[in-house]
Amino acid sequence: MPRPARMHAVSDETTEIVDSVLDYARRRALYRDVPLDKPMTERELRRLAPGSITPEGIGARRAIARFEDVLAPACLSIDHPGYLSFIPSAPTKAAIAFDVVVSASAIYGGSWAEGAGAVYAENEVLHWLAAEFGLPEGAGGVFVQGGTIGNLSALVAARQAARERREAEGLPAPRRWVVVGSAEAHSSIASAAGVMDVDVLPVATGDDGLLHGAAVAAALDSLADEDRAAFAVVATAGTTNFGIVDDLASIAAVTREREVWLHVDGAYGLAAALVPETRPLFAGVEFADSLIVDPHKWLFAPFDACALIYRDPGHGKRAHTQHAEYLDTLTEADDWNPADFAVQLTRRARGLPLWFSLATHGTEHYREAIASGIELARRIADEIERRDGVHLVRDPQLSVVVFQREGWSPADYRAWSDRLLDEQLAFVVPSSHEGETVLRFAIVSPLTTFERLTEILDTLE
Ligand SMILES: *Cc1c(COP(=O)(O)O)cnc(C)c1O
């Protein structure tokens, strides 16, 4: 298609602005050794980067220099191989670069009518994931901002489905709706319940740390005499603190028998279902009514993206489609509109960086990269067991290794963690388990090496 000449007629000034930004983006994306960096106080930042917002503007060169020299170094690089806290992110260079393209392309990702090409590509990724997890054809969903919004959106759809079923059966609404989940479920489940004004019924895990079907069945039975009703059971496929995968198969057997919606929160761990050796841990995920997995965690995509997939997207659509006169033209068409499947309307086509990187590298590359994290976790767990003065809190199931330094107080752990960051060796913050301080290595980046981890362990001696 010939492009109008007008498209090339941007001013020199605009060209310079775009160049200076893309030059920096290119440099940052191609860093071989990303700096770990660390936060500054607001006082320091005010001194080093005062008054960027002025009536006349400070110009692109000064603004980008300020970002590069002051603001960026005051942000941790989550993709640093020594960033091992929370759940890190380790986007591929391909995904990072394509994120710039998404920004440059002014794509509206909420509707097919506006973003058909992008939505098609995002759906290709969602359908690939759905098939990997064993969901039937027809399963689909949307990329949302993160696991928190993904969990909330799935639970809203689950409650809607439960309401519809009760109405169809001529039953009155329960006094309270209840979501059942393990005591180890992610904090976003309680947050979603708060937003939805529903109750959470926490279920104790077994001695193995897993939620099992029998405990879920007992919890559901305990509601039978109450005027409360469960609309969903949440199983976690890879807890954030330990990387534990609940016993999905036994839980799914219970939810299927009792016709309760099963939501699988796999924000971090479900990526490991792509690896043949760990796939059996996820047996039962194929019965999920909805599930999430965050590409910004263990699928090597940049912030922020969560894949939310429904077994029957019709439930998501009935719960989430917004109706307004100005939207009728979109919602009355039979198109696949991503905005219909979650708590959002306008959306960035945030699945595209993953689409591009998957298309570039192929799915085998992904399986290998995830497997390498799991293997490294096993290796460093063995090393911890071998060493004096440190011990594992439990055997790693995925790529989170939790351990303790014997004889240390919480203050010792904190001081050690601060020192590690000051020396720019690593970012490892203390966590806690059953009231005791513990350390965690959450391994995601293929650039994290055994040598780096042993170097960190050496500092514990
Ligand atoms: C990280 C995480 C979430 C929340 O995801 P965000 O993308 O941070 O909103 C939910 N559940 C689990 C199991 C997680 O690990």
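What you are looking at is a predicted structure, and each value in this text was computed from that prediction instead of being measured.

## Focus on the site of the ligand
So, point 1. In the region of the ligand, 14 residues are neighbours, and Gly 147, Thr 148, Asp 265, Asp 294 and Lys 297 sit closest.
So, point 2. One of the backbone nitrogen or oxygen atoms of Gly 147 is found 2.7 Å away from an oxygen atom of the ligand.
So, point 3. Between the ligand and Asp 265, the relevant distance is 2.7 Å, taken from a nitrogen atom to a side-chain nitrogen or oxygen of the residue.
So, point 4. Burial of the ligand by the surrounding chains reaches 87%, relative to a free accessible area of 380 Å².

## Structural notes on the pattern of salt bridges
So, point 1. Under the definition given, this model contains 22 salt bridges.
So, point 2. In this structure, Arg 28 engages Asp 79 in a salt bridge whose closest nitrogen and oxygen atoms are separated by 3.1 Å. Here Arg 28, found in helix α1 (residues 12-30), pairs with Asp 79, found in the loop between α3 (60-71) and α4 (93-104); they are 51 residues apart in sequence, far enough to count as distant.
So, point 3. Residue Arg 28 is classed as partly exposed on the basis of its relative accessible area of 22%.
So, point 4. We classify Asp 79 as buried; its relative accessible area is 14%.
So, point 5. Connected via shared salt-bridge partners are Arg 176, Asp 197, Asp 199, Glu 226 and Arg 228.

## A closer look at the domain arrangement of the chain
Frequently, the measure chosen for interface size is the accessible area that the parts lose on association.
So, point 1. Domain annotation for the chain reports domain 1 (3-77), domain 2 (101-361) and domain 3 (366-458).
So, point 2. Just the C-alpha atoms count here: the centres of domain 1 and domain 2 sit 36 Å apart.

## Describing the environment of Ala 131
So, point 1. Its location among the elements puts Ala 131 in helix α5 (residues 112-132).
So, point 2. For the pair Ala 131 and Glu 286, spaced 155 residues apart in sequence, the C-alpha to C-alpha distance is 9.0 Å.

## Brief notes about the layout of surface pockets
Over the atoms a probe the size of a water molecule is rolled, and this reveals where empty space is left.
So, point 1. Roughly 950 Å³ of internal volume is contained in the largest pocket.
So, point 2. For the largest pocket, the lining is made up of 31 residues, of which Ala 25, Arg 28, Ala 29, Asp 79 and Ile 96 are closest to its centre.
So, point 3. At the level of elements, α1, α3 and α4 are the ones that each hand at least two residues to the lining of the largest pocket.
So, point 4. Sort the elements by how many residues they give to the lining of the largest pocket and α1 lands first, with nine residues.
So, point 5. Of the residues assigned to the lining of the largest pocket, the class counts are 22 nonpolar, two polar and seven charged.
So, point 6. Each pocket or cavity is described by its volume, and for the second largest pocket that value is around 730 Å³.
So, point 7. Forming the walls of the second largest pocket are 31 residues, and the residues nearest its centre are Arg 165, Ala 230, Arg 258, Glu 259 and Val 260.
So, point 8. Taken together, the elements giving at least two residues each to the lining of the second largest pocket come down to α6 (147-168), α8 (213-222), β4 (228-236) and α9 (248-258).
So, point 9. The element contributing the most residues to the lining of the second largest pocket is α6, with six residues.
So, point 10. For the lining of the second largest pocket, the class distribution of residues is 15 nonpolar, two polar and 14 charged.

## What to know about the packing of α6 against helix α7 (residues 187-196)
A pair of packed helices can be characterised by two numbers: the angle between their axes and the separation between those axes.
So, point 1. Relative to each other, α6 and α7 sit at 50°, their axes nearing to 9 Å. Considering their axes alone, α6 and α7 lie oblique with respect to each other. For α6 against α7, the interelement crossing comes out right-handed. Two secondary-structure elements touch here, α6 through Thr 148, Asn 151, Leu 152, Leu 155, Val 156 and Arg 159 and α7 through Ser 188, Ile 189, Ala 192, Val 195 and Met 196.
So, point 2. Taken together, the residues of the contact of α6 with α7 sort by class into seven nonpolar, three polar and one charged.

Conventions and cut-offs
- Residues numbered from 1 in each chain as written.
- Predicted model: local features only at pLDDT ≥ 70, side-chain atom pairs only at ≥ 80, totals over all residues.
- Heavy atoms only, no water.
- Near = heavy atom within 4 Å.
- Polar contact = N/O pair within 3.5 Å; in protein donor to acceptor, adjacent residues only side chain to side chain.
- Areas by Shrake-Rupley, 256 points an atom, 1.4 Å probe, with all protein chains shown as cover.
- Salt bridge = Lys/Arg side-chain N within 4 Å of Asp/Glu carboxyl O.
- Helix = DSSP H or I, 4+ residues; strand = E, 2+ residues; numbered from the N terminus.
- Buried < 20%, exposed > 50% of the residue type's maximum accessible area, 1.4 Å probe, protein only.
- Domains from an automatic or database assignment.
- 1 Å grid on protein atoms, 1.4 Å probe; cavity = no way out; pocket = protein on both sides within 12 Å on 5 of 7 lines; lining within 4 Å.
- Points joined across faces, edges and corners; volume = space filled by probe spheres on them.
- Nonpolar A, V, L, I, M, F, W, Y, C, P; charged D, E, K, R; others polar.
- Axes fitted to C-alpha atoms, helices over the stretch in contact; angles between N-to-C directions.
- Parallel < 35°, antiparallel > 145°, perpendicular 65-115°, else oblique.
- Left-handed = near helix turned anticlockwise from the far one by under 90°.
- Contact = heavy atoms within 4.5 Å.

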